[in-house]
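Read off the chains here:
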Amino acid sequence: MPKESDESHKEEQSKTDKENGKENTVEPSEEMIRKRIRRSTPSPHRLTPQSSPPRFVSVEELMETAKGVTNLALAHEIVMNSAFQVKPYEPEEGSLEKQVKEMMHKAFWDCLELQLKEEPPSFSHAITLVGEIKETLLSFLLPGQSRLRGQIEETLDLSLIQQEAENGALDISKLARFIIDMMGTFCAPCRDEDIKQLRKISDIVPLFKSIFAVLDKMKIDMANFAVSSLRPHLLQQSVEYERKKFQEFFEKQPNALDFTKKWLQDTADYVTGGETEGGATSTTISAQLPLTVQNLAYLRLLKWDHDAESFPETLLMDQCRLQEMQQELEQLALVASVLLILYNSAGEAISGLPGLIERLKKTIKILLAEMHTPSFKADETFAAVAEKLCLELRGCLSQHGFSPFPSDRENTLKGQIVAAKSADNPIRKVIDSRIQMYLLGFLESSSHRSAPALPGGLTPISKELEEIAVKLERLVTFNKLVYSPFYQKILQEILKQGEGLDV
């Protein structure tokens, strides 16, 4: 679209807003996503000057972009999160929304009860409910279930039900039994008990209330079944879908890759200027430099300062997932560090004792469970860890006929455990470096599906570490497939500037 002045753009935007009545109609979730992804101001870290200023984007375009990003985020979550499930929405306890909802529901059901108690009974509300139930039951049908569709259409014929009500011939209990039978046909096995309980309710109003409650559960069941059925198809199509959606967004926001460029530029500077995480110099990896830059760039995300650094745009939908991995790895590094200190100190006295290392690991993890919360007090917690482990060690030595540690040696051990809380602690740095080496090896070996050897000192956390490595590898592989055209172009510019290499 043509470039406009600020003043004319504001006038057009104001006019558009008034005409459509959409000054503040963006959903909070969409607004949040839009703010996180849309970068309307030029980044100070741009690699090359912009050839022309960004064009203005209309309100309609932004709304459409926000909607597309929301759909994109949902599809991405379904693909990346194997445990993803649709959950019913419930307002917060004590909130105004919940109070209003409860008042409206009570008023409706009270009105229905009063109508049914009239002489003669009025069925207008009840027929409306039957119509809603009918639509819900029809929505559960598969395309080939024509016989069931015919039964529902015939039995829940609203015009016929209305005539029966006007002539005093309506048997609402009979309709309810048919509805319950149909629900029993469609529901998942986990809802059989709910259906059984429905059959025990005789009063019409409580019965209809319970029918709607069970139907709501069945809707969630159906949605989750659809998600599980959809996932294999999304896996096949989501790469093209996400790339297309991001390309559309990129065309509206030409500076939408500023932070991605800086992320890759900083990593390339590190690789070509020094040593990699695996200890190899840039001269030994020049043939695979682009791949190495990408793999190390992903590893940097597991050490990211989320408060101080802007996250790469191409990974915003996975930022929370990567942050969770980062926190898990920090805890695992501490667990491995403390166990290494303990076993180095105790030596053969506790080496190889069945179940001991798992028990000690569990104790440490419990005490460190809150380490990423604002209320966490490192000094107190590590003092408690040291005290608890020394107590365990004392009992173990006594049980197996070894002399307990002298007090000065035990105090030294406690001091070493407490010192592990510091990120600069030598043992913690060694463990952390080995974790990074293992993860890098996992990413580099993903193409031939052979897991790297586990470095020394990581055996106690091997299971948890492999689980994180598998999740990371899956995320990285998918992200590379989606954004490879963008990454290749960026890396071509970076490496031509720095090394004169072509990707």
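Above this text you will find the structure in question.
Residues numbered from 1 in each chain as written. Predicted model: local features only at pLDDT ≥ 70, side-chain atom pairs only at ≥ 80, totals over all residues. Heavy atoms only, no water.

A. Representation of the layout of surface pockets in the model. The volume enclosed by the largest pocket comes to roughly 630 Å³. Around the largest pocket sit 22 residues that line it, and Lys-101, His-105, Trp-109, Phe-212 and Asp-216 are the ones nearest its centre. Looking at the lining of the largest pocket, the elements that each hand over two or more residues are helix 4 (96–117), helix 5 (124–139) and helix 10 (204–252). In terms of residue count, helix 4 provides more of the lining of the largest pocket than any other element does, 9 residues in total. (1 Å grid on protein atoms, 1.4 Å probe; cavity = no way out; pocket = protein on both sides within 12 Å on 5 of 7 lines; lining within 4 Å. Points joined across faces, edges and corners; volume = space filled by probe spheres on them. Helix = DSSP H or I, 4+ residues; strand = E, 2+ residues; numbered from the N terminus.)

B. Highlighting helix 5. Compared with an ideal rise of 1.5 Å per residue, which puts 16 residues at 22 Å, helix 5 spans 23 Å between its outermost C-alpha atoms and is within 8% of the ideal. Listing the buried residues of helix 5 in full gives Ala-126, Ile-127, Leu-129, Val-130, Gly-131, Ile-133, Lys-134, Thr-136, Leu-137 and Leu-138. (Expected span 1.5 Å × (residues − 1). Buried < 20%, exposed > 50% of the residue type's maximum accessible area, 1.4 Å probe, protein only.)

C. Looking closely at the packing of aromatic side chains. Within the structure shown, the criterion is met by 13 aromatic pairs. On the basis of an interplanar angle of 80° and a centroid distance of 5.3 Å, the ring pair of Phe-246 and Phe-486 is categorised as edge-to-face. Of this pair, Phe-246 sits in helix 10 while Phe-486 sits in helix 18 (residues 462–498), and the two are 240 residues apart along the sequence. Residue Phe-246 is classed as buried on the basis of its relative accessible area, which comes to 5%. The buried category is assigned to Phe-486, whose relative accessible area is 9%. Ring geometry for Trp-263 and Tyr-487: centres 6.0 Å apart, planes at 65°, overall edge-to-face. Linking Trp-263 in helix 11 (residues 258–273) with Tyr-487 in helix 18, this pair joins segments that are 224 residues apart in sequence. Taken together, Phe-246, Phe-249, Phe-250, Trp-263, Tyr-298, Tyr-483, Phe-486 and Tyr-487 form an aromatic cluster joined through their ring pairs. The lysine or arginine in question, Arg-409, covers the ring of Phe-405, its NZ or CZ lying 3.9 Å from the ring centre. (Phe/Tyr/Trp six-rings, centres within 6.5 Å; stacked < 30°, edge-to-face > 60°. Lys NZ or Arg CZ within 6 Å of the ring centre and 35° of its normal.)

D. Structural detail: the packing of helix 6 (residues 146–155) against helix 8 (residues 172–186). Running from amino to carboxyl end, helix 6 crosses helix 8 at an angle of 160°, the nearest separation of the two axes being 11 Å. Here helix 6 lies roughly antiparallel to helix 8, going by the angle between them. Note on packing geometry: the crossing formed by helix 6 with helix 8 is left-handed. Mapping the contact onto sequence places Leu-148, Gln-151, Ile-152 and Thr-155 in helix 6 and Leu-175, Phe-178, Met-182, Thr-185 and Phe-186 in helix 8. (Axes fitted to C-alpha atoms, helices over the stretch in contact; angles between N-to-C directions. Parallel < 35°, antiparallel > 145°, perpendicular 65-115°, else oblique. Left-handed = near helix turned anticlockwise from the far one by under 90°. Contact = heavy atoms within 4.5 Å.)

E. Local environment of the environment of Tyr-241. Looking at the element boundaries, Tyr-241 is found in helix 10. Here Tyr-241 falls in the partly exposed class, since its relative accessible area comes to 28%.

F. Inspection of the packing of helix 14 (residues 356–367) against helix 15 (residues 378–399) at higher detail. The interhelical angle for the contact between helix 14 and helix 15, taken along N-to-C directions, is 160°, at an axis separation of 10 Å. Judged by the inter-axis angle, helix 14 sits roughly antiparallel to helix 15. Pair helix 14 / helix 15 crosses with right-handed handedness. Here Leu-356, Arg-359, Leu-360, Thr-363, Ile-364 and Leu-367 of helix 14 come into contact with helix 15, specifically with Thr-381, Ala-384, Val-385, Lys-388, Leu-389, Glu-392 and Cys-396. For the contact of helix 14 with helix 15, the residue count by class is 8 nonpolar, 2 polar and 3 charged. (Nonpolar A, V, L, I, M, F, W, Y, C, P; charged D, E, K, R; others polar.)

G. Seen up close, helix 4. For helix 4, which comprises 22 residues, the first-to-last C-alpha distance of 32 Å matches the rise-based estimate of 32 Å (1.5 Å per residue) to within 8%. Looking only at helix 4, the buried set comprises Lys-98, Trp-109, Leu-112, Gln-115 and Leu-116. An end-on view of helix 4 places all buried positions within 130° of arc, on one side of the element. Residues of helix 4 that are exposed and angled more than 90 degrees away from the buried face: Leu-96, Met-103, Met-104, Lys-106, Leu-114 and Lys-117. (Arc of directions from axis to C-beta.)

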